[in-house]
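Summary of the model geometry
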Amino acid sequence: MKSSLKKDSLSLSNVIFQGVAGSAPAGAAVATLTGSAAFALGSLPLSAVVAFIIVLINAVIINRISRHVAGAGGYYAYSREGIGNFAGIFTGWMYIMYQIMSLAFIGLSVAIFLPALLGTVFGIDIPFYSWVLLLILIMGFGYFVSFSGVRNSVRYAMVMATIEVVVVAAVSIIIITAKPSINTASVFTPVYAVHGFTGVMLGVLFMYTAFSGFGTATPLGEEAKNANAVIGKGVLISAIVLGLFFTLVSYAFTVGWGPTRMLTYSTELVPGIILAKNYLGLAGAIVITVLFVNSLFTDSVVFTNSLSRVVFSMSRDNVLPGILSSVHSRRQTPHVAAGVMVIISFIIGVISVITLGGFNAFLFAGIAATLSALLVHMIANASLAGILHKMKLKMNIAMDVVLPAVSIVILAFVFYGSFISIDKVVIIASVSFIVWAIAGLIYSAISRKYLMHVQISQN
């Protein structure tokens, strides 16, 4: 008998905030947006709007796919159902890279930035070697909350994400209203960006990483009530919430810092905390710092949830070793898959810090995660037409063929943009991605033949 997860455990609101929390709204707002600001500068809000549109297109496609396919496999299941075993296995393989690199990125965000943040903003010095303890702490926290049960972990993420969004949005509104003269619509034009609209689109590349967790709700399909309706709707609503949130925050932080001074914003460690300190004093900076750290701890829970369920699903389908489909007898969580993936992420984090240094390790994990995430999204979006054809359902050419094609072209451009800044870290991350992808192609071919053999022997 195949193992299964706890069915009918999650509501629409749970699914929505799994996606919202997956983007670490407070963490992205106060720190991650600096990458986008380096290119978009004072046109950062325009990059946020364009990224919002791209994410919304992807969310619409996921919504249409999940009406017909919903389970623990997420993107892996979408691609397998729509394009075939080979594409599905390869998508799952790349999804694993995306998620383990994301977990490493999340862990390093705390382990590397927190000591520097405490020293820079608050004048508190802690030993550099504390990064190892912090990495263990955040990854261990993510595992144990995820292990405790899907209801516990998702409700925790729901509460934390709500607090983050409400507080950071309130701070943004305070910045906007404190000095009405700073407000300007010019930040929604390319006038401030490096090389105009080119800078805006490079800003979109980094802005997309802030949104990328919106799809972490897709692997909850086995545990959600009425999953075919709830998963897609949850992803769509979470994308809208995040889009509005990041547009508001990017606008407030840009006008608050000064559109013509955004080059200095992009070089700060955590400019959002500096802004909070300038507008709200030390107490405001402390609150935002706590939310920044908490946001990343919550993110570790969300990504452990989503990764463990996809690995569990692939194992149950005989694509990965059978031990990974083990489910805890009382908690009904895929604890073995979660534990193995967290350990791998921790090892990647440690090795990358030792070989590349702290900040470069952080960049390496982020770039590798982004490349694999973009590829996964492109393949999954291409599966929509195949799913409808296989199920002999009527297609809407505009929504089911043209829209996925447009999204793939846009994502391909963003994917290409990842290679524009050629330095050591980009090269190492790109080579790692290519090696993993080649290994995935080989593994997918072998696994497909094995599955075909199993199916023939069963018949």
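First, a word on scope: everything that follows refers to the structure included in this document. In this text, all values refer to a predicted model and were calculated from it rather than measured experimentally.

A few points about the overall build of the protein chain
- From N to C terminus, the protein chain includes 15 helices and zero strands.
- Taking 459 residues into account, the globule formula puts the C-alpha radius of gyration at 23 Å, and the protein chain, at 21 Å, falls close to it.
- Counting only C-alpha atoms and orienting by the principal axes, one finds that the protein chain spans roughly 75 × 50 × 40 Å.
- Looking at the protein chain residue by residue over its 459 residues, the buried ones come to 59%.
- Across the protein chain, contacts joining residues at least 24 apart in sequence account for 84% of those joining residues at least 6 apart.
- With the model as given, the accessible surface of the protein chain reaches about 17400 Å², and the carbon-plus-sulfur share is 70%.

Observations regarding the side chain of S148
- Tracing the sequence through the fold places S148 in the loop between α6 (130-147) and α7 (150-178).
- When its relative accessible area of 19% is taken as the criterion, S148 is described as buried.
- Excluding residues within four positions of it along the chain, S148 makes contact with S153 and R331.

As for the nonpolar core
- M94 and F214 are the most contacted members of the largest nonpolar core, which totals 156 residues.
- Of all the elements, helix α5 (residues 85-122) adds the most residues to this core, at 21 residues.
- With near-sequence residues (within four places) excluded, M94 lies in contact with S372, L375, V376, F433, W436 and A437.

Observations concerning the pattern of salt bridges
- Under the counting rule described, the total for this entry stands at six salt bridges.
- In this structure, K7 engages E222 in a salt bridge whose closest nitrogen and oxygen atoms are separated by 4.0 Å. Here K7 is found in the segment before α1 (12-22), whereas its partner E222 is found in the loop between α8 (197-211) and α9 (227-257), with 215 residues between them in sequence.
- In this structure E222 comes out as buried when scored by relative accessible area, which is 11%.
- For K390, the salt bridge identified is with E81, shortest N-O distance 3.7 Å. Separated by 309 residues along the polypeptide, K390 in helix α13 (residues 358-390) and E81 in helix α4 (residues 75-82) bring together distant segments of the chain.
- The exposure class assigned to E81 is partly exposed, which follows from its relative accessible area of 28%.
- If you follow the salt bridges from partner to partner, you end up with K7, E222 and R316 in one network.

Brief notes about α4
- Of all eight residues in α4, seven are buried; the element is thus mostly enclosed.
- Listing the buried residues of α4 in full gives Y75, Y76, A77, Y78, S79, R80 and G82.
- G84 sits one or two residues past α4 and shows a positive phi near 130 degrees.

The rules we used
- Residues numbered from 1 in each chain as written.
- Predicted model: local features only at pLDDT ≥ 70, side-chain atom pairs only at ≥ 80, totals over all residues.
- Heavy atoms only, no water.
- Helix = DSSP H or I, 4+ residues; strand = E, 2+ residues; numbered from the N terminus.
- Rg over C-alpha atoms; globule rule 2.2 N^0.38 Å.
- Buried < 20%, exposed > 50% of the residue type's maximum accessible area, 1.4 Å probe, protein only.
- Contact = heavy atoms within 4.5 Å.
- Areas by Shrake-Rupley, 256 points an atom, 1.4 Å probe, with all protein chains shown as cover.
- Core = buried A, V, L, I, M, F, W, Y, C linked by side-chain atoms within 4.5 Å.
- Salt bridge = Lys/Arg side-chain N within 4 Å of Asp/Glu carboxyl O.

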